[in-house]
Amino acid sequence: MRSWQVYFAVLALCGLTAITIPWFYHKEQVLTETALSHNKALWNANEPRSYSIRILINDSGANSQWIIRVFQGNILAVLRDGQFRPNVEGSRFLPNNLFGELEQWLGYRHKDEKSPFVGVQFHSQLGFPLRAVLHRKSPVKRLEIQMVLEIS
């Protein structure tokens, strides 16, 4: 094989690699009903009774940070951007309720004219969502939720 042939063979291999790695990564992140039900069951089986959860939300460019403290299964305090809020407002972002919202996101696949991207990374042992992304094309909306759980 000549040197120019080796060069183009290596170049073709690099191009193929550059295409397949993001494709596999993207495919792994897409939420499915099976993954959602598996991780919901995992969370219900392993949910800690007391924990603090920090949630970072980017809703189409508007950022907010929530901190929710849960003790013995009850919400003790909810902070949004450093300000105390009613406990009801924070309950939306608890993992049990967020699983319901993720189910709604999956429903957008059948309702929307253009199928949205719904990607979620789950904690491998506890099952709660570490990062969830909804990107709708009609209407245009991008929502990203990141969660950090600290067990007390």
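Residues numbered from 1 in each chain as written. Predicted model: local features only at pLDDT ≥ 70, side-chain atom pairs only at ≥ 80, totals over all residues. Heavy atoms only, no water.

Participant: I keep staring at helix α4 (residues 95–111) and nothing clicks. Help me out?
Facilitator: What sets the pattern is the α-helix's 3.6 residues per turn: residues three or four places apart point alike. The terminal C-alpha atoms of α4 lie 24 Å apart, and with 17 residues this matches the ideal 24 Å at 1.5 Å per residue to within 8%. Listed as buried for α4 are P95, L98, F99, E101, L102, W105, L106 and Y108. Each buried residue of α4 lies within a common arc of 165° when the element is viewed along its axis, so the set occupies one face. Opposite the buried face of α4, by more than 90 degrees, sit the exposed residues H110 and K111. Against the buried residues of α4 lie α2 (33–46), β1 (51–59), β5 (117–122), β6 (129–137) and β7 (140–151). (Helix = DSSP H or I, 4+ residues; strand = E, 2+ residues; numbered from the N terminus. Expected span 1.5 Å × (residues − 1). Buried < 20%, exposed > 50% of the residue type's maximum accessible area, 1.4 Å probe, protein only. Arc of directions from axis to C-beta. Contact = heavy atoms within 4.5 Å.)

Participant: Could you clarify how one ought to interpret the nonpolar core in this entry?
Facilitator: Note on soluble globular proteins: their nonpolar side chains tend to be buried together. By size, the foremost hydrophobic cluster in this structure holds 31 residues, and its most contacted members are L31, I55, I68, L102, W105 and I145. The set of elements that each furnish at least two residues to this core consists of α2, β1, β2 (62–71), β3 (74–80), α4, β5, β6 and β7. (Core = buried A, V, L, I, M, F, W, Y, C linked by side-chain atoms within 4.5 Å.)

Participant: I tried to follow the packing of aromatic side chains on my own but got confused; where do I start?
Facilitator: What describes a pair of aromatic rings is the distance from one ring centre to the other and the angle between the planes of the rings. Tallying each qualifying case throughout the model produces six aromatic pairs. Judged by centre distance (5.9 Å) and plane angle (70°), the rings of W43 and F128 are edge-to-face. One end of the pair, W43, is in helix α2; the other, F128, is in the loop between β5 and β6, and 85 residues separate them in sequence. For F128, a relative accessible area of 3% puts it in the buried group. (Phe/Tyr/Trp six-rings, centres within 6.5 Å; stacked < 30°, edge-to-face > 60°.)

Participant: What is the right way to read unusual backbone geometry from this model?
Facilitator: Note: most peptide bonds trans; most residues except glycine with negative phi. The omega torsion of the bond from S138 to P139 falls at 0°, within 30 degrees of zero and hence cis. Looking at where P139 falls in the secondary structure, it is placed in the loop between β6 and β7. We note that Q72 has phi near 50°; this positive angle belongs to a residue other than glycine. Relative to the assigned elements, Q72 resides in the loop between β2 and β3. Its relative accessible area of 40% is what places Q72 among the partly exposed residues.

Participant: I keep staring at the environment of V78 and nothing clicks. Help me out?
Facilitator: With respect to the helices and strands, the residue V78 is situated in strand β3. Judged by relative accessible area, V78 falls into the buried class, the value being 0%. Residues V78 and W66, spaced twelve residues apart in sequence, show a C-alpha to C-alpha distance of 7.1 Å.

Participant: What's the story with the sheet that holds β5 in this structure? I'm lost.
Facilitator: Backbone-to-backbone hydrogen bonds pair the strands of a sheet. The strands run either parallel or antiparallel. Spatially, seven strands are ordered β4-β3-β2-β1-β7-β6-β5 in an open sheet, and the strand pairing comes out antiparallel. The sheet is open, and its two borders are formed by β4 (83–85) and β5, each paired with just one other strand. Going across the sheet, the axis of each strand differs from the next one's by a mean of 20°, ignoring polarity. Both β6 and β7 contribute to a ladder of seven bridges, which runs antiparallel. Residue pairing in the sheet places H135 in a bridge with R142 of β7. Docked against the sheet, α4 engages β1, β5, β6 and β7, running at close to 30° with respect to β6. (Pairing = 2+ DSSP bridges. Axes fitted to C-alpha atoms, helices over the stretch in contact; angles between N-to-C directions.)

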